[in-house]
Amino acid sequence: WDSDHLRTALVKPAVGSLTVSMGVFLGTLCSRGRLPLAAGVPVAAVLSAAGPWVVFFWHRLIDPSEPWFPEFMGSNWGPGPLGHLIGM
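Conventions we followed
- Residues numbered from 1 in each chain as written.
- Predicted model: local features only at pLDDT ≥ 70, side-chain atom pairs only at ≥ 80, totals over all residues.
- Heavy atoms only, no water.
- Helix = DSSP H or I, 4+ residues; strand = E, 2+ residues; numbered from the N terminus.
- Buried < 20%, exposed > 50% of the residue type's maximum accessible area, 1.4 Å probe, protein only.
- Contact = heavy atoms within 4.5 Å.
- Areas by Shrake-Rupley, 256 points an atom, 1.4 Å probe, with all protein chains shown as cover.
- Patch = residues over 30% accessible without salt bridge, like charges linked within 9 Å, V, L, I, M, F, W, Y side chains within 5 Å.
- Salt bridge = Lys/Arg side-chain N within 4 Å of Asp/Glu carboxyl O.
- Polar contact = N/O pair within 3.5 Å; in protein donor to acceptor, adjacent residues only side chain to side chain.

Student: Sorry, what's going on with the overall build of the protein chain here?
Tutor: Helices and strands together make up the secondary structure of the protein chain, namely 4 helices and 0 strands. When the 88 residues of the protein chain are sorted by exposure, 23% land in the buried category. Here the analysis covers contacts within the protein chain between residues at least 6 apart in sequence; of these, 38% occur between residues at least 24 apart. Entry remark: accessible area of the protein chain is about 6,100 Å², with carbon and sulfur atoms responsible for 70%.

Student: Any chance you could explain the side chain of Thr19 here in plain terms?
Tutor: Here Thr19 shows up in helix H1 (residues 4-31). Setting aside residues no more than four positions away along its own chain, Thr19 makes contact with Leu47, Gly51, Pro52 and Val55.

Student: Before we go on, may I ask you to explain a nonpolar patch on the surface in this structure?
Tutor: A cluster of nonpolar side chains, contributed by Val54, Trp58, Leu61 and Ile62, occupies part of the molecular surface with about 430 Å² of accessible area. Of all the elements, helix H3 (residues 58-62) adds the most residues to the nonpolar patch, at 3 residues. Mapped onto the secondary structure, Leu61 falls in helix H3.

Student: Explain the side chain of Lys12 here, please?
Tutor: One can find Lys12 in helix H1. At 3.1 Å, the side chain of Lys12 forms a polar contact with the backbone oxygen of Phe56.

By themselves, these are just geometric observations and shouldn't be taken as functional.
Okay, structure coming up:
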């Protein structure tokens, strides 16, 4: 647990799910007439489609030199227990 990536690997699925839930909530507001369709549908579609991917690869947006899948690489970014799955 010395790596931030191992800790965030536990948080990323929850935050990705939250972005999809927010998209569904916006869709519900549109269907009930509380939010205009022209505003709610595009935002809900972007949140539901792109939101989880942004959350999953957030570490690459902050620092492009980091590996794509540090969760699989262990705390030292060397071959970890699942490193063989990504060709290490």
